[in-house]
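Chain by chain, the residues run as shown.
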Amino acid sequence: MGVARRTIRAALKELEAEGWFRKRGREGTLIAPQRRPRKQGAQRSVGFLFHNRNPQVKLERHPLVTQVRDHLEHLNIRLEIYRVNYLKDDRISASFSALMKRARHDLWLLSAHPPAIERWFHEKQIPAVVYGMGNEGTPLPTFSIDFEAIGRHAAGEFLRRGYRDVVLLLPRPTTPEDIGTQTGFESVITTQPREGVRYRVVWHDEEREGMTRVVDRLIRLARGEPMAWLISRPEFYLFIHTYLLHCGIRIPQQVGLICRSMTPYLPALFPEPARYVTNSHQLGYSFARYVLRTLEGHSPGSLRAMVEFTPGGTLL
């Protein structure tokens, strides 16, 4: 299988600790008849803390949350979801303070959080990990998709296909994931300079009017050459893709497009977008394993998950 023996031994040891395998004398390592969590007294629990940005989104049904809950509950570890406002007037919010007084968990998972919350958990020495890139200089371990790798790969795809006018479109307010994408994108552009290649980062707001002005300006700057745009989020990609077609811009002859992530409606567009696809099942499993190792007292540090690139039909 092309796997080192040391890796196999480490994997078997970890699976044995979780109850998947058992050792019996000279018979070696055997599959356990029933996977049972180890007895450690009271049931362990994990709290998943989200920012209260969009109350309409049902976090309990999110594929990642569902996958993590299923894996943890199989090990008799309870997962609870919380949605609070973190800050108010640059101070820790009353709702967050009240939650932390009444809720007790063996580990906290943080998502969509400001830097002050990461520092709060670190200073209080409350076990926590960040789902996401984390803010710059975060003292907490993080688990995330490797957005820097996406930025590097997208820039390489543009250069390899001969684009001479490349653009990274990012929204305001920005996120650590956006910053990571920009870092990876620029690392390729600056280390592989090519004569005549123009590169720019263009910021846009989340409103239709602002995005329209940005797209119109980029079209005017095209100078008759094909452009290549990396767009951060599917909802922005959908608007830009359809607006370009509305303006009579041919995709990919005049503008080549890549979407940084995937949602179910993207494959229904024509031409089908080039995009980065995450296996939600595998991502959820990997994150659950990361959480489990942290609960077991290991220090996995920060971990970056890879995604797959689907070329689609929006690139030359």
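Keep in mind that this is a model prediction, so the values were computed, not measured. (Residues numbered from 1 in each chain as written. Predicted model: local features only at pLDDT ≥ 70, side-chain atom pairs only at ≥ 80, totals over all residues. Heavy atoms only, no water.)

> Describe the overall build of the chain, naming the residues involved and giving the relevant values.
Looking only at helices and strands, one finds nine helices and 16 strands in the chain. Burial analysis of the chain (316 residues in total) assigns 44% to the buried set. By element, 51% of the accessible surface of the chain is carried by carbon and sulfur atoms, the whole surface being about 17500 Å². (Helix = DSSP H or I, 4+ residues; strand = E, 2+ residues; numbered from the N terminus. Buried < 20%, exposed > 50% of the residue type's maximum accessible area, 1.4 Å probe, protein only. Areas by Shrake-Rupley, 256 points an atom, 1.4 Å probe, with all protein chains shown as cover.)

> Any details on helix α6 (residues 176-191)? Residues and values, ideally.
When the terminal C-alpha atoms of α6 are compared, their 22 Å separation across 16 residues agrees well with the 22 Å that a helix rising 1.5 Å per residue should span. Those residues of α6 that sit buried are Glu 177, Asp 178, Gly 180, Thr 181, Gln 182, Gly 184, Phe 185, Val 188 and Ile 189. Buried positions along α6 lie against α5 (147-160), β10 (165-171), β11 (198-204) and β12 (227-231). (Expected span 1.5 Å × (residues − 1). Contact = heavy atoms within 4.5 Å.)

> Any details on the side chain of Glu 157? Residues and values, ideally.
With respect to the helices, strands and loops of the structure, Glu 157 is situated in helix α5. Aside from chain neighbours lying at most four places away, what touches Glu 157 is Ile 258 and Phe 309.

> Outline the sheet that holds strand β4 (residues 77-84), listing residues and values.
Here we have six strands laid out as an open sheet, ordered β4-β3-β7-β8-β9-β15, and parallel in their pairing. Pairing within the sheet leaves two strands with one partner each, and these edge strands are β4 and β15 (303-305). Looking at each pair of strands side by side, their axes are set apart by 20 degrees on average, direction ignored. Note: strand β7 (residues 107-111) against strand β8 (residues 128-131), three bridges, orientation parallel. The partner of Trp 108 across the bridge, within β8, is Ala 128. (Pairing = 2+ DSSP bridges. Axes fitted to C-alpha atoms, helices over the stretch in contact; angles between N-to-C directions.)

> Please give an account of the pairing of β7 that cites residues and values.
The side chains of a regular strand alternate, first on one face of the sheet and then on the other. Here β7 lies mainly inside the structure; five of its five residues are buried. Residues Leu 107, Leu 109 and Ser 111 point to one face of β7 and Trp 108 and Leu 110 to the other, with burial holding for every one of them. Examined bridge by bridge, strand β3 (residues 44-51) and β7 share five bridges and lie parallel to one another. Considered in β7, the bridge of Phe 48 is made with Leu 109.

> Help me get a handle on the packing of α5 against α6, residues and values and all.
Two elements in contact, α5 and α6, have axes separated by 7 Å at closest approach and are oriented at 40 degrees. Relative to α6, α5 is oriented oblique. Between α5 and α6 the crossing geometry is right-handed. Residues Phe 147, Glu 148, Gly 151, Arg 152, Ala 154, Ala 155, Gly 156, Phe 158 and Leu 159 of α5 form the contact with α6, whose own contacting residues are Glu 177, Gly 180, Thr 181, Thr 183, Gly 184, Phe 185, Ser 187, Val 188 and Ile 189. (Parallel < 35°, antiparallel > 145°, perpendicular 65-115°, else oblique. Left-handed = near helix turned anticlockwise from the far one by under 90°.)

> Give me the sheet that holds strand β14 (residues 274-277): which residues, what numbers.
The six strands are arranged β11-β10-β12-β13-β14-β16 in an open sheet whose pairing can be described as mixed. The sheet is open, and its two edges are formed by β11 and β16 (308-310), each paired on a single side. Going from strand to strand, the sheet's axes swing by 20 degrees on average, the running direction of each strand aside. Judged from the three bridges that link them, β14 and β16 form a sheet pairing that is antiparallel. Residue Tyr 276 lies in a different strand from β16, and its bridge partner there is Phe 309. In the packing of α5 onto the sheet, the strands contacted are β10, β12, β13 (255-259), β14 and β16, and the crossing angle to β12 comes to about 165 degrees. Set on the sheet, helix α8 (residues 234-246) makes contact with β10, β11, β12 and β13; between it and β13 the angle comes to about 160 degrees.

> Let's hear about the pattern of salt bridges: which residues, and what values?
Opposite charge on two side chains makes pairing possible when the charged atoms of those side chains draw close. Under the definition given, this model contains 13 salt bridges. The salt bridge involving Asp 178 is made with Arg 260; its shortest N-O contact spans 2.9 Å. Remark: Arg 260 occurs in the loop between β13 and β14 and Asp 178 occurs in helix α6; sequence separation between them is 82 residues. Comparing Asp 178 with Arg 260, the two get one shared label, buried. Overlapping salt bridges, with partners in common, bring together Asp 165, Arg 198, Arg 200 and Glu 225 in one network. (Salt bridge = Lys/Arg side-chain N within 4 Å of Asp/Glu carboxyl O.)

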